[in-house]
Amino acid sequence: MRDATTGGTPDPAVLDVPFAVGEAASGPLTWAQSVMWDAMQWFGKEANQFNIGQPLVLAEPVGQARLLAALRGLVEAHQTLRTRYVARSGQPRQEVHASGAYDVEVVDGHGDPARVAGELAGRLAETAFDHEAEWPLRVGCVVDGERRVTAVALVGSHLAFDGWAFNTFVDLLLARLTGEPDQPEQPQQPDQPEPASPPAAGQQPASAGGGVPQALEQAAFEGSPAGQRQSRLGLRHWEQGLSTAPASMFDLPRATTGDQPIERHLLDSAAVAAAAATLAARTRTSFSTVLLCLTTLVLTAYNGHDTAVFKLITGNRLDRRSRDLIALNTLDALLAFAVPRDVDLLTAIRQTHRPAFDAYRRAQCDPRAVRTVVEEVGRRRGVSFDLSTYFNNGHRGNDWAVTGPEPGPDRLAELRRESRYTRLDPLPRSDMKFMVAASNAGGGVCRLGLLVDTTYLPGALGEIIVRGIETLLCDAVADEIGVAEIPGRIGLTPAARGADWVRTPAGWVRPADVAELVREAAGGVEVAVLPAGPAPGTGLTAYVADASAVPEELHRRVLDLLPGRPGVAAPDGYVACAAAPPAGAGPDAWRGLPVAARGPGRPA
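### Some words on the overall build of the protein
Inference 1: Along the backbone of the protein there are 17 helices and 22 strands.
Inference 2: Whereas a compact globule of 604 residues would reach a radius of gyration of roughly 25 Å, the protein reaches 27 Å, a difference of no more than 12%.
Inference 3: Taking the principal axes of the C-alpha coordinates as reference, the protein spans close to 90 × 60 × 50 Å.
Inference 4: Out of the 604 residues belonging to the protein, those deemed buried represent 52%.
Inference 5: Pairs at least 24 apart in sequence give 76% of the contacts found in the protein among residues at least 6 apart.
Inference 6: For the protein, the exposed surface amounts to about 25600 Å²; the carbon and sulfur share of it is 51%.
Inference 7: Computed over 57 positive and 70 negative side-chain charges, the separation of the two mean positions in the protein equals 4 Å.

Okay, here's the thing in structure tokens:
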């Protein structure tokens, strides 16, 4: 132990937790880790927002030696806790260490272990992890006057943990501190980066020697023939969904914002938990389906879409092995489906269940291959997909299963009076424009989180949406609600697009913005973008005042310029003309010009 508190100074002690087990091993990142690695590289120092922290107050104090022994046992049993994530030759890898040591910061509880542990966890979570130099878990403990541990502060990197894994680790640690765990973990001896033999088709890897599951085994499975077959099924689902999905859920007029456009809202609500669980039981679906359905209905009521496209953050811990895996295991599933309209809310929930199930079922696939599919389908359709709408159901299993009588309107009204709304500090940027997340705040309370980019969802929309979901859930327990009633029930005013917007198979676009894009690709010549036919939704044709323009080459340049422009899509066709018509001549003058070349903006 290194103790900086000698002489009565207030500086914290630091306890050493040495570990030694098996042999060192390394391997590629798992699919889930590679998704988070890319996100953390993009955020840089702002990746501290991904940190997962929890203060853990003990019912009875324990000796420091017991805490150190508990930590050492878990670190030696689970590779994740002794892994460094590094870039080698430009490629990220995970390196599992056979020996090393953890530091545990020790602070005085001053008679209030809960407060001090919360403050300590907050301080440990302030900075992003340096994954090449730092273990992916930071630990501190609070002690009383007899130097016994009264609380523990834990902060994990999201590259190593998802919510399930972190909660499982906390449960294991608590069991070791307060009693005997049901099934003591056995460290793998030695660590193996590859399984002895590949698993059968669709079968997840078994842990070597029957021990606890490890991240390197997961990575090895994903690279095996069975893992690749599983990936191909998922990629097929992505390709099918994107073939008809709108390019963006944010093809909307933009609002002027400051330098902190990302708002975050929280609603802690027992009413949400009770009402959503009740509706799930009535519709024979799930809490996740109910909340997902309400989320899609509210957002599409605002943006005027008939088809929703969401990324669903998916754990898919469907068997004992995956449930016991202490490692990040979440991937993005694609939900692209026609939003139920002329039905009541309960019917809409039932109609959401199957598409959501199929999306979750096909989430396990190589994210780098997913990016290739997204790009290829986008270029084929003449769009750049903006997949920045997320839903994350983070609670466990039957957290809020209905066990008694359904709550009536009076009970729900009582619960709603206890709901607590909080607006967190805004952020300068995010790779999400919209996300709804649910988690278990304890005591029958659902923590409903909402992130919105106010460039596209301005004003009070964030609070309206998060409170509106609660309102709709509670109202639907007592009344039949039509989907068309949603905006009026929650005070939501749909987005107003001017007459200069048109609807296309790619979503809503402004022809003037498309013309500006084509003009940029064509080197600044005059361009007009006009409807391809009289019927709505028939697509757009770009007329270019350059007889030398080659439509196929121009289209490729347009596609290259599309990323980052919601509400813009490539024209469906190009017409090269010798010159522009006289100023003010109108659209028919463009259509009447001699044609030097004509070409499609889509494959035949």
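### A word on the pairing of strand β13 (residues 389-393)
Inference 1: For β13, a buried count of four out of five residues is recorded, marking the element as mostly surrounded by other parts of the structure.
Inference 2: Inspection of the sheet shows strand β11 (residues 307-314) paired to β13 by three bridges, in the parallel sense. Within β13, the residue paired with Ile 313 across the bridge is Asn 392.

### Some words on the pattern of salt bridges
Inference 1: On inspection of all chains with the given rule, the structure shows 37 salt bridges.
Inference 2: A salt bridge links Arg 138 to Glu 134; the nearest nitrogen and oxygen atoms lie 2.5 Å apart.
Inference 3: Owing to a relative accessible area of 21%, Glu 134 belongs among the partly exposed residues under this scheme.
Inference 4: A salt bridge links Glu 263 to Arg 423; the shortest N-O distance between them is 3.8 Å. Of this pair, Glu 263 sits in strand β10 (residues 262-269) while Arg 423 sits in strand β14 (residues 420-427); the two residues are 160 residues apart in sequence, bridging distant segments of the chain.
Inference 5: Look at Glu 263 and you get buried, because its relative accessible area is 14%.
Inference 6: One salt-bridge network, in which partners are shared between bridges, spans Asp 38, Arg 368 and Arg 371.

### Details of the nonpolar core
Soluble, globular proteins show a tendency: their nonpolar side chains are buried together.
Inference 1: Counting 104 residues, the largest nonpolar core has Trp 238, Phe 310, Leu 312, Phe 434, Ile 469, Leu 473 and Val 518 as its most contacted members.
Inference 2: No other element matches the eleven residues that helix α8 (residues 287-303) contributes to this core.
Inference 3: With 49 residues, the next largest nonpolar core counts Ala 39, Met 40, Val 149 and Leu 328 among its residues.

### With respect to the sheet that holds β13
Inference 1: The sheet built from seven strands is open, its strands ordered β12-β11-β13-β15-β16-β10-β14 with mixed pairing. Each edge of the open sheet is held by one strand with a lone partner, namely β12 (331-338) and β14. Averaged over all pairs of adjacent strands, the angle between their axes in this sheet comes to 25°, without regard to strand direction.
Inference 2: Sheet analysis places β13 next to strand β15 (residues 434-442), joined by five bridges and oriented parallel. Directly across from Thr 389, in β15, lies its bridge partner Phe 434.
Inference 3: Set on the sheet, helix α7 (residues 270-283) makes contact with β10 and β16 (445-453); between it and β10 the angle comes to about 75°.

### Observations concerning the packing of helix α1 (residues 31-43) against helix α11 (residues 367-381)
Inference 1: Packing of α1 against α11 leaves a shortest axis separation of 9 Å and a crossing angle of 65°. In contact with Trp 31, Ser 34, Val 35 and Asp 38 of α1, α11 contributes Pro 367, Arg 368 and Arg 371.
Inference 2: Per-class residue counts for the contact of α1 with α11 are three nonpolar, one polar and three charged.

### Comments concerning the packing of aromatic side chains
Inference 1: On inspection of all chains with the given rule, the structure shows eight aromatic pairs.
Inference 2: When the centroid spacing of 4.7 Å and the interplanar angle of 85° are considered together, the rings of Trp 42 and Phe 43 count as edge-to-face.
Inference 3: With relative accessibility at 41%, the residue Trp 42 sits in the partly exposed group.
Inference 4: Residue Phe 43 is classed as buried on the basis of its relative accessible area, which comes to 3%.
Inference 5: Both rings, one in Phe 161 and one in Phe 169, keep their centres 6.2 Å apart while their planes meet at 50°; by these two values the pair is tilted. The pair formed by Phe 161 and Phe 169 is uniform in burial state, with each residue classed as buried.
Inference 6: Among the aromatic residues, those joined into a cluster by ring pairs are Phe 19, Tyr 102 and Trp 135.

### Structural notes on helix α5 (residues 215-223)
Inference 1: Buried residues dominate α5, accounting for eight of its nine residues.
Inference 2: Residues Ala 215, Leu 216, Glu 217, Gln 218, Ala 219, Ala 220, Phe 221 and Glu 222 constitute the buried set of α5.
Inference 3: Check the buried side of α5 and you find it contacts β3 (25-28), α1, β6 (91-96), α6 (225-242) and α9 (320-324).

### So, the sheet that holds strand β21 (residues 573-577)
Adjacent strands of a sheet form backbone hydrogen bonds with each other and so pair up, either parallel or antiparallel.
Inference 1: Taken together, the four strands give an open sheet; going across it, the order is β19-β20-β21-β22, and neighbouring strands pair in mixed fashion. Each of the sheet's edge strands pairs with one partner strand only, and the pair in question is β19 (527-531) and β22 (595-600). Ignoring which end each strand starts from, the neighbouring axes of this sheet average 20° apart.
Inference 2: For strand β20 (residues 540-544) and β21, the ladder comprises four bridges, and the chain directions are parallel. In the sheet register, Val 544 faces β21, and the bridge partner there is Ala 576.
Inference 3: Packed on one face of the sheet, helix α15 (residues 511-521) meets β19, β20 and β21 and runs near 140° to β19.

### So, unusual backbone geometry
Inference 1: Here the phi dihedral of His 110 falls at roughly 50°; this positive angle occurs in a residue that is not glycine.
Inference 2: Position of His 110 relative to the elements: it lies in the loop between β7 (99-108) and α3 (113-124).
Inference 3: A relative accessible area of 63% means that His 110 is categorised as exposed.
Inference 4: In this model, Arg 284 sits at a positive phi of 55°, which is unusual for a non-glycine residue.
Inference 5: Mapped onto the elements, Arg 284 comes out in the loop between α7 and α8.

### Some details on the confidence of the model for the protein
Inference 1: Averaged over the protein, the pLDDT score is 91; the fraction of residues at 70 or greater is 91%.
Inference 2: For the stretch residues 181-202, pLDDT sits under 50, and the model shows 43 contacts to residues farther than four places along the chain or on other chains.

Cut-off values and rules
Here the residue index of a chain counts from 1 through its sequence in written order. Totals for whole chains, interfaces and linings use every residue, but because this is a predicted model, local features are given only for residues with pLDDT of at least 70 and side-chain atom pairs only at 80 or more, for both listing and counting. For the side-chain quantities, the full set of heavy atoms in the structure was used; hydrogens and water were omitted. In this text, helices come from DSSP runs of H or I with a minimum length of four residues, and strands from runs of E with a minimum of two, each type numbered from the N-terminal end. Throughout, the radius of gyration refers to the C-alpha atoms, and the reference size of a globule is 2.2 Å times the residue count to the power 0.38. For the exposure calls, accessible area comes from a 1.4 Å probe over protein chains only, and a residue counts as buried if that area is under 20% of its type's maximum, exposed if over 50%, partly exposed in between. By definition in these notes, contact holds between two residues if any of their heavy atoms fall within 4.5 Å. Surface accessibility follows the Shrake-Rupley procedure with a 1.4 Å probe radius. Residue values consider only the protein chains on display as shielding. In this tally, Lys and Arg are treated as positive and Asp and Glu as negative; His is ignored, and so are the chain termini. Charge positions come from single atoms, namely NZ of Lys, CZ of Arg, CG of Asp or CD of Glu. One requirement defines pairing of two strands: DSSP has to find at least two bridges between them. Salt bridges are counted wherever a side-chain nitrogen of Lys or Arg sits within 4 Å of a carboxyl oxygen of Asp or Glu. The criterion is simple. A nonpolar core is a set of buried Ala, Val, Leu, Ile, Met, Phe, Trp, Tyr and Cys residues joined through side-chain atoms within 4.5 Å. Axis lines are fitted to C-alpha atoms, over the contacting stretch for helices. Their N-to-C directions set the angle, which ranges from 0 to 180 degrees. For this classification, the nonpolar set comprises Ala, Val, Leu, Ile, Met, Phe, Trp, Tyr, Cys and Pro, the charged set comprises Asp, Glu, Lys and Arg, and every other residue, Gly included, is treated as polar. Any two rings among Phe, Tyr and Trp, with Trp reduced to its six-membered ring, count as a pair given centres within 6.5 Å; such a pair is stacked if its planes are under 30 degrees apart, edge-to-face if over 60, and tilted if neither. Values of pLDDT, ranging from 0 to 100, describe the predictor's confidence in every residue of the model.

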